[in-house]
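# Secondary and tertiary structure notes
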Amino acid sequence: MRRMLDPPEAGPADVDYGRYYYEHYDGGSYRRSEHWLSEFDRLARVIVERLQPSTVLDAGCAIGLLVESLRARGVDASGVDISEYAISQVAEDVREHCWQGSLAEPLPARYDLIVSIEVLEHIEEDELQVALDHICGATDRILMSSTPYHYDDPTHVNIKQPERWTAEMYTRGFVRDVTFDASFIAPWAVLYVRNRRSTVQVIEDYDRVHWYQLREIRETRQGILQLQRQLAQLEDDTVGGTALSPRQQRLELEVLRLRDELRVADRRAGAKEASAK
């Protein structure tokens with residue numbers, strides 16, 4: 001959840017995740033505000049409802065809002081972040097549960113769940129490999145989101161596509177939980193779990209979900225084509241005459257409704273096709 005434009009001459013080693021970074025995050029400000037409190041409260045609610053973790057580490061916790069929201073729901077949550085400034089902004093009542101440090105350093109405990117939201121793309125490759133070893137060694141479940149886009153942000157020094165993350169995690173004994181929809185965080189978010197099944201079973205799961213997605217894409221495209229045909233017919237029916245009859249008025253409203261449906265269906269088809277690749 002970190003995006004900021006630095007001076008063009010700044011390299012990765014020059015990034016200072018201090019006050020200026022957070023005050024100019026993604027063109028706005030990443031601080032204790034109604035917007036961010038509400039957003040992390042929503043994330044914490046879904047995490048607790050769907051994953052029911054007992055202990056959680058927020059790996060890259062920033063100012064600790066997720067830790068705060070999870071602890072308010074009875075979860076033993078803690079957080080670590082590289083930014084000394086960010087840790088200084090953590091709420092007083094949860095500050096003892098957050099510390100300043102690098103994910104390339106060993107973690108102090110094991111956790112029921114480790115969460116990492118838009119953090120790993122900020123870590124250089126050599127350090128990232130160590131960080132992944134530490135994260136994977138400290139849990140059996142990792143809820144992860146790392147943007148495959150946003151190359152315009154110079155602090156994103158290690159953007160990987162979803163399949164690359166899956167490969168990284170597989171070498172460490174983790175596979176994607178294909179039954180878990182993590183899009184409440186971001187379209188590319190995923191839950192990785194320690195693999196305790198055979199390779200054949202894992203492949204079957206992946207192929208089953210891939211087939212269902214392809215089938216849904218085809219059905220959605222057929223629906224779009226049908227909507228286009230209906231639109232063409234309705235537009236033909238409304239042509240002619242300056243004064244529309246009641247029937248023509250109803251048809252015109254139906255055309256507008258179908259156009260809206262077509263736009264929504266088209267967006268869904270595009271999103272599903274991208275996620276299936």
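Provided above is the structure to which this section pertains.
Residues numbered from 1 in each chain as written. Predicted model: local features only at pLDDT ≥ 70, side-chain atom pairs only at ≥ 80, totals over all residues. Heavy atoms only, no water.

What follows concerns the nonpolar core. Among the nonpolar cores identified, the biggest contains 40 residues, and Tyr30, Ile47, Leu66 and Leu143 are the most heavily contacted of them. Those elements that provide at least two residues to this core are α1 (19-23), α2 (34-51), α3 (65-72), α4 (84-88) and β4 (113-117). By residue number, the principal contributor to this core is α2, which donates seven residues. Leu57, Leu107, Leu120 and Phe174 belong to the second-largest nonpolar core, a separate cluster that totals 23 residues. (Core = buried A, V, L, I, M, F, W, Y, C linked by side-chain atoms within 4.5 Å. Buried < 20%, exposed > 50% of the residue type's maximum accessible area, 1.4 Å probe, protein only. Helix = DSSP H or I, 4+ residues; strand = E, 2+ residues; numbered from the N terminus.)

Here we come to the packing of aromatic side chains. Summed over all chains, the structure comprises nine aromatic pairs. Ring centres of Tyr30 and Phe40 lie 6.4 Å apart, and the angle between their planes is 15°; this geometry places the pair in the stacked category. You can see Tyr30 sitting in the loop between α1 and α2 and its partner Phe40 sitting in helix α2, a full 10 residues away along the chain. Both residues of the pair, Tyr30 and Phe40, belong to the buried class. Ring centres of Phe180 and Phe184 lie 6.3 Å apart, and the angle between their planes is 80°; on these two criteria the pair is classed as edge-to-face. Considered together, Phe180 and Phe184 belong to a single accessibility category, that of buried residues. (Phe/Tyr/Trp six-rings, centres within 6.5 Å; stacked < 30°, edge-to-face > 60°.)

If you walk through the whole model with that rule in mind, you get 17 salt bridges. A salt bridge links Asp41 to Arg73, with the shortest nitrogen-to-oxygen separation between them at 2.8 Å. Of this pair, Asp41 sits in helix α2 while Arg73 sits in the loop between α3 and β2 (76-81); the two residues are 32 residues apart in sequence, bridging distant segments of the chain. We classify Asp41 as partly exposed; its relative accessible area is 34%. For Asp133, the salt bridge goes to Arg172, with nearest N and O atoms at 2.8 Å. In this pair, Asp133 sits in helix α5 (residues 125-136) while Arg172 sits in the loop between α6 (162-170) and β6 (174-176), placing the two residues 39 residues apart along the sequence. With relative accessibility at 15%, the residue Arg172 sits in the buried group. Counted as one network, the salt bridges with shared partners bring together Glu125, Asp133, Lys160, Glu168 and Arg172. (Salt bridge = Lys/Arg side-chain N within 4 Å of Asp/Glu carboxyl O.)

Moving on to the environment of Tyr170. Here Tyr170 shows up in helix α6. On the basis of relative accessible area, Tyr170 is assigned to the partly exposed category, the value being 43%. Put simply, Tyr170 and Tyr192 are 22 residues apart on the chain and 9.2 Å apart in space, counted from C-alpha to C-alpha. Those residues in contact with Tyr170 that lie beyond four places of it in its chain are Val175 and Thr199. (Contact = heavy atoms within 4.5 Å.)

Angle between the axes and distance between the axes are the two parameters that describe a pair of packed helices. α6 packs onto α5 with a crossing angle of 55° between their chain directions and a minimal axis gap of 11 Å. Classified by the interaxial angle, the pair formed by α5 and α6 is oblique. Our pair here, α5 against α6, has a crossing hand that is right-handed. Of α6, the residues touching α5 (which contributes Glu125, Leu128, Gln129, Leu132 and Cys136) are Trp165, Glu168 and Met169. For the contact of α5 with α6, a count of residues per class yields five nonpolar, one polar and two charged. (Axes fitted to C-alpha atoms, helices over the stretch in contact; angles between N-to-C directions. Parallel < 35°, antiparallel > 145°, perpendicular 65-115°, else oblique. Left-handed = near helix turned anticlockwise from the far one by under 90°. Nonpolar A, V, L, I, M, F, W, Y, C, P; charged D, E, K, R; others polar.)

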